[in-house]
Amino acid sequence: MPRDTRTRRATRPASASRSTTASTVQRPLASRLAHTARSNDLLPELHQHALDVTGGSCSLLFQHNPRSGGLQATSGFALDVLRTDPWLPGPDEAALVADAFARGVPTLVADANRQAPDLASRLNSRAALLLPLVRGAERVGLLTVGFHTPPSESNVEGDIVETADAFMTALELFHLRQAAELHGDIRELLDEFTASLSATLNLTAGLDIFCHGANRLFGADRTSVWIHDRRARHLVLRASSDVARGVSVGTHDASAPAALAMRQMRAEIVSPSEGEVTAMVTVPLRGCRRALGTIVFERVRVEAGGELDFLDRADELGRQLSSAIENMQLLDDVLRSRMELENTFDSISHLVAVADTGGLIVHVNQAFASRVGRSRDELIDRPLADYVGVELGGWLQRHKSAPGRAGADAAITCEVVDPVLNGPFMVTVTDLLNHDREPCGSVIVARDLTPQTQLEAEREELRKRLTQSEKLAALGQFVAGIAHELNNPLQGVLGHLELLRTTGAFPKQLRREVQTIYREADRAAKIVRNLLVFAGSRRLARRSVSLNAVIQKVLALRTPAHRAVRIEVVRHYDEKLPRVQSDPLLLHQVFLNMVMNAEHAIAATGREGRIEINTMVAGSGDRIIATVRDTGIGIPEDALSHIFEPFYTTKEVGKGTGLGLAIAAAKSSPPTIRTVAPCSPSSCRSRGDQDPDE
């Protein structure tokens, strides 16, 4: 409930007051101060005592307002009306009051109507006595005593200084009591607020509890808390004693009381509209270095004379809430920063472990925990040596005990194959330093070299392919230069040998030798023709081709050879195979090389064999697959990586040129185990990739 801030005033005549309180006044001031619980009970007695000592007719107590520097009437005695508006004396009155405070002694104003007309009007007296209430150099208040007839200065000396001290002591005493009670109420409210924060770590829920408690404490119809969002430059309604929340206003919005109050230093009462008995009170929330927001009390009933007490309570509440909000925001920042660091730490793909000087694990990232098959909680305070191999553990131990490494900033690195971590790693160890730059542990980062090894293997493969391409390019240039020169004399030799064979113009005993010469010359001519094809002298002429028809022509060409060595050919053609766009002669050459390689592989076994040929449309519908299988000896494992190299052959000298598959690969790149021709329902592109001994 709000404090009792009712205006303190007495309207009975001074004489009647003296008679009715005569027995009370006789009590010592110290006793009255000690045994009176409420200021409303004590102040009339002090006013009466002041009139008894001075012989005055009425009295009025002003309290100094440190916010504005003005004087606020808070209690009076024997007055018809107590004006509670601030006393803002004119220049002459201000000088008179300032002189009284400067001298610190009672000051008699004999002609109050002329010297202090505003004060004379408030006291309704011709003369006034000013009693300054000061504590050192600090102004506390001003006690004024009115006289109908100006007294002499000798009549007001007596115990008047003691009376002023009694007023100042009473004000200080009740201020301290009120502050203690205020702190108790605020502490109770904030304890409930902080208990909610501790339980939920939810600022909004805690502020809702705060708003409802502040409503009761200050007697407001509505209490709301606005929090400053620095990034968005808005004030956001985070909590309210009613259901409204989530509204935001700009920090420079001149029409928003919360935005205006955030720039103030202390609580303020917003003047109510004419005819209204309630007011709005705004309390700025300020942290150590920044504005945090605003508390807004709406429709508050602030009684006349109680403004200072009310604002003091509001300021104290604002200070306590500011501290709690700032601590909560700092905690939130710390938690957010820690979460970001944890996420960053866990996002590192390398294995990271932090160990103390005793070799016990302090922290690991998720990659390390996953690699060793343990949760991070299970790894904490466990020896790091239990989760690494012997070689790596020994190397880490030697690093820890190595002399002359104190305060080392440079990391040391080694490459190791660890059986526990299961792989090759590049391990880097760095000293973990404390605030004094002294080693307090180690940070171990293990980078898995498996991907790098794979990458290096891929690079080596690419390098080999590039070297092969360069060799092929050089070979093509060489072949293009000499093939035609070789072909002309070979054709001359073959022509004359054919003429000799036809005419028989040579001895019969030389027939076998001439036949051998013709066969070898013809083989040389074929090699030259293959070289010309390999060098790309013949341009690709694409047209619509039936792959089944091309394969059938190849098989028809080789049928006599198959019968001679008893090779069975099994065909599985897809009759609905679409046509492809390709060069039929090049496709013919590709499949001819494959079929002949299959023949040679079967012949090497010394027994009958079988060649199976399949054609089909791939499941994706955009490729034609042709597969050639045989029952031959197959390709040796060490030869698989070389089968497409020019002039590489596993046949005996004189039985193979090593250009068959090289030519096929050159005309249908890249090589794979199967012959694949991309196609679509309407048009297709040719691609021939094969391994003859699949």
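Sequence order as written defines residue numbering, which begins from 1 separately in each chain. Totals for whole chains, interfaces and linings use all residues, but because this is a predicted model, local features are given only for residues with pLDDT of at least 70 and pairs of side-chain atoms are given and counted only at 80 or more. No hydrogens and no water enter the side-chain calculation; it runs on all heavy atoms of the structure.

*Asks:* Please set out the packing of helix H4 (residues 39-54) against helix H8 (residues 160-200) residue by residue, giving values where relevant.
*Replies:* Axes here mean lines fitted to C-alpha atoms, for a helix over just the part in contact, with angles spanning 0 to 180 degrees between N-to-C directions. Numbered from the N terminus, helices here are DSSP runs of H or I no shorter than four residues, and strands are runs of E no shorter than two. Look at H4 against H8: their axes get within 9 Å of each other, and the N-to-C directions meet at 170 degrees. Judged on the interaxial angle alone, H8 and H4 are roughly antiparallel. Contact with H4, carried on its side by Ser39, Leu42, Leu43, Leu46, His47, His49, Ala50, Val53 and Thr54, involves Ile160, Thr163, Ala166, Phe167, Ala170 and Phe174 of H8 and no other residues of that element. Classifying every residue of the contact of H4 with H8 by side-chain character gives 10 nonpolar, five polar and no charged. Geometric relationships in this document are graded by angle, where less than 35 degrees denotes roughly parallel, more than 145 denotes roughly antiparallel, 65 to 115 denotes roughly perpendicular, and other angles denote oblique. Whether two residues touch is decided by their heavy atoms; if any such pair falls within 4.5 Å, the residues are in contact. Here the nonpolar group is Ala, Val, Leu, Ile, Met, Phe, Trp, Tyr, Cys and Pro; Asp, Glu, Lys and Arg are the charged ones; every other residue, Gly included, is treated as polar.

*Asks:* Can you lay out the nonpolar core for me, pointing to particular residues and giving the numbers?
*Replies:* As a rule of thumb, soluble globular proteins bury nonpolar side chains together. Core analysis: the biggest nonpolar cluster contains 46 residues, and Phe62, Leu119, Leu133, Leu142 and Phe167 have the highest contact counts within it. Listing elements by their share of this core, those giving two or more residues are H4, strand S1 (58-64), strand S2 (71-77), helix H5 (91-103), helix H7 (117-123), strand S4 (127-135), strand S5 (138-147) and H8. Non-local contacts of phenylalanine 167, meaning those with residues more than four positions away in its chain, are made with Leu43, Leu46, His47, Ala50, Leu61, Leu133 and Leu143. Definition of nonpolar core: a set of buried residues of the types Ala, Val, Leu, Ile, Met, Phe, Trp, Tyr and Cys, connected through side-chain atoms within 4.5 Å. Think of it in three bands: residues with accessible area under 20% of the maximum for their type are buried, residues over 50% are exposed, and the middle band is partly exposed, with areas taken using a 1.4 Å probe on protein chains only. Within the second largest apolar cluster, 33 residues are counted, among which are Phe193, Ala220, Leu321 and Ala324.

*Asks:* Give me the lowdown on the sheet that holds strand S7 (residues 234-240), citing residues and values where you can.
*Replies:* Any two strands with at least two DSSP-identified bridges between them are counted as paired. Spatially, S8-S7-S6-S11-S10-S9 is the arrangement adopted by the six strands of the open sheet, whose pairing is antiparallel. The open sheet is flanked by strand S8 (248-250) and strand S9 (268-270), the only strands paired with a single partner. Averaged over all adjacent pairs, the angle separating strand axes in this sheet is 25 degrees, with direction ignored. Examined bridge by bridge, strand S6 (residues 222-229) and S7 share six bridges and lie antiparallel to one another.

*Asks:* Just give me the short version of the sheet that holds strand S16 (residues 439-448), but keep the residues and values in it.
*Replies:* Spatially, S13-S12-S16-S15-S14 is the arrangement adopted by the five strands of the open sheet, whose pairing is antiparallel. Each end of this open sheet is capped by a strand with a single partner; those strands are strand S13 (361-364) and strand S14 (412-418). Each adjacent strand pair in this sheet contributes to an overall mean axis angle of 25 degrees, direction not counted. Looking at chain direction, strand S15 (residues 423-433) and S16 are connected through nine bridges and run antiparallel. Residue pairing across strands places threonine 430 opposite valine 443, the latter belonging to S16.

*Asks:* Tell me about the packing of H8 against helix H11 (residues 307-347), and please be specific about residues and values.
*Replies:* Where H8 contacts H11, the two axes come as close as 10 Å, and the packing angle between them is 30 degrees. Taken as axis vectors, H8 and H11 run roughly parallel relative to one another. Our pair here, H8 against H11, has a crossing hand that is right-handed. From H8, His175, Gln178, Leu182, His183, Ile186, Leu189, Leu190, Phe193 and Leu197 reach across to H11, where they touch Asp309, Asp312, Arg313, Glu316, Leu317, Gln320, Leu321, Ala324 and Met328. Residues that form the contact of H8 with H11 fall into these classes: 10 nonpolar, four polar and four charged. The handedness criterion is simple: a crossing whose near helix is rotated anticlockwise from the far helix by less than a right angle is left-handed, and one whose near helix is rotated clockwise is right-handed.

*Asks:* Quick one: what's the story with a nonpolar patch on the surface, residue by residue and with numbers?
*Replies:* Here the term patch refers to residues with relative accessible area over 30% and no salt bridge, with like charges joined within 9 Å and nonpolar side chains (Val, Leu, Ile, Met, Phe, Trp, Tyr) within 5 Å. Residue-level accessible areas treat just the shown protein chains as cover; the underlying method is Shrake-Rupley with a 1.4 Å probe. For salt bridges, the criterion is a side-chain nitrogen of Lys or Arg within 4 Å of an Asp or Glu carboxyl oxygen. The grouping of Leu201, Leu331 and Leu335 at the surface amounts to a nonpolar patch, some 250 Å² of accessible area in total. Here leucine 335 is to be found in helix H11.

*Asks:* Please give an account of the pairing of S15 that cites residues and values.
*Replies:* Bridge count for S14 against S15 is seven bridges, and the pairing is antiparallel. Note on S15: the bridge partner recorded for glutamate 415 is methionine 426. Between S14 and S15, which follow one another and run antiparallel, lie four residues, and asparagine 422 among them has a positive phi close to 65 degrees. Between S15 and S16, which follow one another and run antiparallel, lie five residues, and arginine 437 among them has a positive phi close to 60 degrees.

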